[in-house]
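Letter by letter, the chains look like this.
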Amino acid sequence: METLTTRGRAVRLGATALGLALLLAGTVRGTDDDFPFGPFRMYSTSDPPNAPAPDTRVEGVDRTGAVVALGQDATGIRRAEIEGQQDRYAADPSLLRRVADAYAERHPAAPALVEVRIVIRWHDIQGGRPTGRWTDRTAVRWQATP
């Protein structure tokens, strides 16, 4: 087994010190976008025990009026990608056309989608437990132009 040279030790200690400094700076001033050097707050916080819990989904309406679930299997787009970009979709609902296009590409024989919407189902929670009640709210809607 070979031993490290003094220079090798110094390089490793410097790299370790730099990594620790980035980790400390990210912890103090970072955001989720700085991960792995920033905090990953998704798992470090919790909602109040009576706060409603959101469940986001994407659905479409085809030209026959049928409602179509537009999950990953139907479009190839993961729900997390939609949720992560929800502010962009709200600012420009026409971006949802890409979801309709992805659906059409995977289902060429299906009726065309005339509407795509992001719907949030708010599950009622009391005392940290679901009550079985919910309300749906359409957060973003795109409609095809005729």
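Note that the coordinates shown come from a computational prediction; the quantities given were computed from them, not determined experimentally. (Residues numbered from 1 in each chain as written. Predicted model: local features only at pLDDT ≥ 70, side-chain atom pairs only at ≥ 80, totals over all residues. Heavy atoms only, no water.)

**Concerning the side chain of arginine 117**
Turning to step 1, where the next piece is worked out: Among the secondary structure elements, arginine 117 is positioned in strand E3 (residues 113-126).
Turning to step 2, where the next piece is worked out: Residue arginine 117 is classed as buried on the basis of its relative accessible area of 14%.
Turning to step 3, where the next piece is worked out: Of the polar contacts made by the side chain of arginine 117, one reaches the side chain of glutamate 59; its length is 2.7 Å.
Turning to step 4, where the next piece is worked out: A distance of 3.0 Å separates polar atoms of two side chains, one belonging to arginine 117 and the other to glutamate 115.
Turning to step 5, where the next piece is worked out: With residues near it in sequence (within four places) discarded, arginine 117 still touches Arg57, Val58, Glu59, Val61, Val67, Leu96, Thr138, Val140 and Arg141. (Helix = DSSP H or I, 4+ residues; strand = E, 2+ residues; numbered from the N terminus. Buried < 20%, exposed > 50% of the residue type's maximum accessible area, 1.4 Å probe, protein only. Polar contact = N/O pair within 3.5 Å; in protein donor to acceptor, adjacent residues only side chain to side chain. Contact = heavy atoms within 4.5 Å.)

**Describing the side chain of glutamate 59**
Turning to step 1, where the next piece is worked out: Mapping glutamate 59 onto the fold places it in strand E1 (residues 53-62).
Turning to step 2, where the next piece is worked out: Within the structure, glutamate 59 has its side chain in polar contact with the side chain of arginine 57 (distance 3.1 Å).
Turning to step 3, where the next piece is worked out: The residues contacting glutamate 59, other than those within four sequence positions of it, are Val67, Val68, Leu70, Glu115, Val116, Arg117 and Val119.

**Looking at the sheet that holds strand E4 (residues 129-143)**
Turning to step 1, where the next piece is worked out: The sheet built from four strands is open, its strands ordered E2-E1-E3-E4 with antiparallel pairing. For this open sheet the edge positions go to strand E2 (67-69) and E4, each flanked by a neighbour on one side alone. Taking the axes of each pair of neighbouring strands and ignoring which way they run, one obtains an average angle of 35 degrees across the sheet.
Turning to step 2, where the next piece is worked out: Contacts from helix H5 (residues 97-106) reach E1, E2, E3 and E4 within the one sheet, and its direction differs from that of E3 by about 110 degrees. (Pairing = 2+ DSSP bridges. Axes fitted to C-alpha atoms, helices over the stretch in contact; angles between N-to-C directions.)

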